[in-house]
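Spelled out from the first residue to the last, the chains are:
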Amino acid sequence: MKNVSQKTAFFALFVALAFVFSYLESLIPLNFGVPGIKLGLANLVVVTAMYTVGEKQAFAVSVIRILLAGLTFGGVFSLVYSLAGGVLSFCAMLLAKRCKSLSVTGVSIIGGATHNIGQIAAAAVVMETYRIVYYLPVLLLAGAVTGAVIGVVSRMIINRLNQVIKK
């Protein structure tokens, strides 16, 4: 990013886009027989922000989006699950990104998978049962697949944004 004004504008845009994507995702009826499988559209914005405006700003985008979406479209439990998944996912993506050996797609796959781990862990605590862990293999697979798609699209957006910013 060239300057503070540009970073601020992109930050605001990313928060708005992440919130809109969360809303759009809530309208998409996905039923694979396992509760909790989602496309992760808002993570497209978080991954893109991580590589364009910075890691701290991307974390803020993620947390603000989760809070806004949770308070607007969900309840207390969905907010808890989303925060647990979102924070764990972001931390894992941050570590993966800093390794420098993984592509944007690899980082996103890790984010998709760890988001589900965080949600299952929160659900196990809230529901006071470990049996919820039986959902984890399916959720990890779904997270990896959606993470890969989000990663590929993020890479294309990041490349395009970098071209626009350099002009």
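Residues numbered from 1 in each chain as written. Predicted model: local features only at pLDDT ≥ 70, side-chain atom pairs only at ≥ 80, totals over all residues. Heavy atoms only, no water.

(A) Structural context of the packing of aromatic side chains. Counting across every chain of the model gives five aromatic pairs. A ring pair is formed by Phe-19 and Phe-73, whose centres lie 5.5 Å apart and whose planes are at 20°; its orientation type is stacked. Pair noted here: Phe-19 is in helix H1 (residues 4-27) and Phe-73 is in helix H3 (residues 55-73), with a separation of 54 residues, a long-range link. Given the relative accessible area of 24%, Phe-19 is considered partly exposed. Every member of this aromatic cluster is reached through a ring pair, and the members are Phe-19, Tyr-23 and Phe-73. (Phe/Tyr/Trp six-rings, centres within 6.5 Å; stacked < 30°, edge-to-face > 60°. Helix = DSSP H or I, 4+ residues; strand = E, 2+ residues; numbered from the N terminus. Buried < 20%, exposed > 50% of the residue type's maximum accessible area, 1.4 Å probe, protein only.)

(B) Fine view of helix H6 (residues 136-166). Between its terminal C-alpha atoms H6 stretches 42 Å, which fits the 45 Å expected from 31 residues at 1.5 Å a residue. Along H6, the residues classified as buried are Leu-136, Leu-139, Ala-142, Gly-143, Thr-146, Gly-147, Ile-150, Gly-151, Ser-154, Ile-158, Leu-161 and Ile-165. Buried-residue contacts for H6 involve H1, helix H2 (41-52) and helix H5 (104-127). (Expected span 1.5 Å × (residues − 1). Contact = heavy atoms within 4.5 Å.)

(C) Region of the structure containing H3. With 19 residues, H3 should cover 27 Å at 1.5 Å per step; its first-to-last C-alpha distance of 26 Å lies within 8% of that length. Turning to H3, its buried residues are Ala-58, Val-61, Ser-62, Arg-65, Ile-66, Ala-69 and Gly-70. Down the axis of H3, the buried set is contained in an arc of 145°. They therefore lie on one face. Residues Lys-56 and Leu-71 are exposed on H3 and point more than 90 degrees away from its buried face. Tucked inside the fold, the buried residues of H3 contact H1, H2 and helix H4 (76-99). (Arc of directions from axis to C-beta.)

(D) Here's a closer look at the pattern of salt bridges. Considering all chains together, one arrives at two salt bridges under this definition. The shortest N-O distance in the salt bridge between Lys-97 and Glu-55 comes to 3.1 Å. Of this pair, Lys-97 sits in helix H4 while Glu-55 sits in helix H3, and the two are 42 residues apart along the sequence. Where Glu-55 meets Arg-98, a salt bridge forms, and the shortest distance between an N and an O atom there is 2.7 Å. Placement of Glu-55 in helix H3 and of Arg-98 in helix H4 is noted, with a sequence separation of 43 residues between them. Three or more residues joined by partner-sharing salt bridges are found here, namely Glu-55, Lys-97 and Arg-98. (Salt bridge = Lys/Arg side-chain N within 4 Å of Asp/Glu carboxyl O.)

(E) Expanded view of the packing of H1 against H2. It is at 7 Å that the axes of H1 and H2 come closest, and there the two elements cross at 160°. If you check the angle between H1 and H2, you find them roughly antiparallel. Read as a crossing pair, H1 and H2 show a hand that is right-handed. On the side of H1, the interface is formed by Phe-14, Leu-17, Ala-18, Phe-21, Ser-22 and Glu-25, while H2 contributes Leu-41, Ala-42, Leu-44, Val-45, Thr-48, Ala-49 and Thr-52. In terms of residue class, the contact of H1 with H2 is built from nine nonpolar, three polar and one charged. (Axes fitted to C-alpha atoms, helices over the stretch in contact; angles between N-to-C directions. Parallel < 35°, antiparallel > 145°, perpendicular 65-115°, else oblique. Left-handed = near helix turned anticlockwise from the far one by under 90°. Nonpolar A, V, L, I, M, F, W, Y, C, P; charged D, E, K, R; others polar.)

(F) Quick peek at a nonpolar patch on the surface. A cluster of nonpolar side chains, contributed by Val-20, Tyr-23, Leu-24, Leu-27 and Phe-73, occupies part of the molecular surface with about 430 Å² of accessible area. The dominant element in the nonpolar patch, judged by the number of residues it contributes, is H1, at four residues. Relative to the helices and strands, Leu-24 is located in helix H1. Leu-24 gets classed as partly exposed once you look at its relative accessible area, which sits at 39%. (Patch = residues over 30% accessible without salt bridge, like charges linked within 9 Å, V, L, I, M, F, W, Y side chains within 5 Å. Areas by Shrake-Rupley, 256 points an atom, 1.4 Å probe, with all protein chains shown as cover.)

(G) Representation of unusual backbone geometry. Backbone geometry places Lys-100, a non-glycine residue, at a positive phi of 65°. Structurally, Lys-100 can be placed in the loop between H4 and H5. Judged by its relative accessible area of 73%, Lys-100 falls in the exposed class. In this structure, Glu-128 is a non-glycine residue whose phi angle is positive, near 55°. Within the element layout of this structure, Glu-128 appears in the loop between H5 and H6. Given the relative accessible area of 74%, Glu-128 is considered exposed.

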